Amino acid sequence: GAPSVQRLVDIEKKLAEGKGRGYEHWAKIHNLKQAAKTLNVYQEYGFTSPEQLDAAITAAYADLHDSTAELKTLEAALQDKKELQGYVLRYAKTKDVRDGLKAQKSDKARAAYRQKHESDFIIADAAARYFRENGISKLPSYKALQAEIESLIKEKNSGYNDYRAKREEYRRLQTVKGNIDQILRRERKPVKRQEQER
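Residues numbered from 1 in each chain as written. Predicted model: local features only at pLDDT ≥ 70, side-chain atom pairs only at ≥ 80, totals over all residues. Heavy atoms only, no water.

One finds Y42, F47, L53, L173 and V176 to be the most contacted residues of the largest nonpolar core, which totals 15 residues. Those elements giving two or more residues to this core turn out to be α2 (21-44), α3 (50-93) and α7 (142-188). With six residues, α3 is the single largest residue contributor to this core. Judged by nonpolar contacts, the second largest core, of seven residues, contains V88, A127, F131 and L145. (Core = buried A, V, L, I, M, F, W, Y, C linked by side-chain atoms within 4.5 Å. Buried < 20%, exposed > 50% of the residue type's maximum accessible area, 1.4 Å probe, protein only. Helix = DSSP H or I, 4+ residues; strand = E, 2+ residues; numbered from the N terminus.)

Here's what the structure looks like:
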């Protein structure tokens with residue numbers, strides 16, 4: 001895979017915070033290694049200017065944003081299917097009671113029957129209302145819904161892997177940019193530093 005690039009350390013800032021010479025030695029070596037890795041990655045991408053790097057960061061951010069939106073859409077679809085599956089299951093469980101109502105001959109018998117099986121009818125009515133509100137006239141089978149749910153879960157998992165890869169890419173490019181900015185800043189001001197050391 002891609003070499004991992006870490007941020008350069010701001011050595012002067014760390015020394016001002018009270019870090020000692022041992023830290024300074026470690027940080028100088030760390031910065032040399034990360035600067036080399038940064039330039040490697042920069043060349044690997046084939047960038048020839050900081051503007052190209054900026055454009056790549058903008059594109060990587062847009063990709064990450066799209067990937068996030070896709071994940072959210074999949075998650076919402078998954079929730080909807082699971083909710084529907086729940087209603088289908090509960091509605092199916094009230095079938096015998098619903099059939100029993102049809103067998104009642106008079107309005108009075110029907111009313112008494114409904115009252116006796118009140119909790120089942122509350123469940124069945126809630127499910128029927130849900131189907132109506134969602135424009136579902138033909139009920140899908142529990143099994144068919146389970147297959148759709150499993151397929152959505154697979155899609156969501158691969159969507160999450162895609163999102164992770166895009167987040168990594170975005171972070172990697174941002175690290176490269178931060179390092180290059182730091183390297184260029186350092187190269188712009190060595191004269192002053194030498195004067196101070198004399």
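Counted according to the given criterion, the structure contains twelve salt bridges. Here D54 makes a salt bridge to K177, at a shortest N to O gap of 3.1 Å. Pair noted here: D54 is in helix α3 and K177 is in helix α7, with a separation of 123 residues, a long-range link. Relative accessible area serves as the criterion here: at 27%, K177 is assigned to the partly exposed category. Between K102 and D99 there is a salt bridge, with the nearest N and O atoms lying 3.5 Å from each other. With K102 and D99 both in helix α4 (residues 95-102) and three residues apart, the pair spans about one turn of that helix. (Salt bridge = Lys/Arg side-chain N within 4 Å of Asp/Glu carboxyl O.)

Structural measurements only, silent on function.
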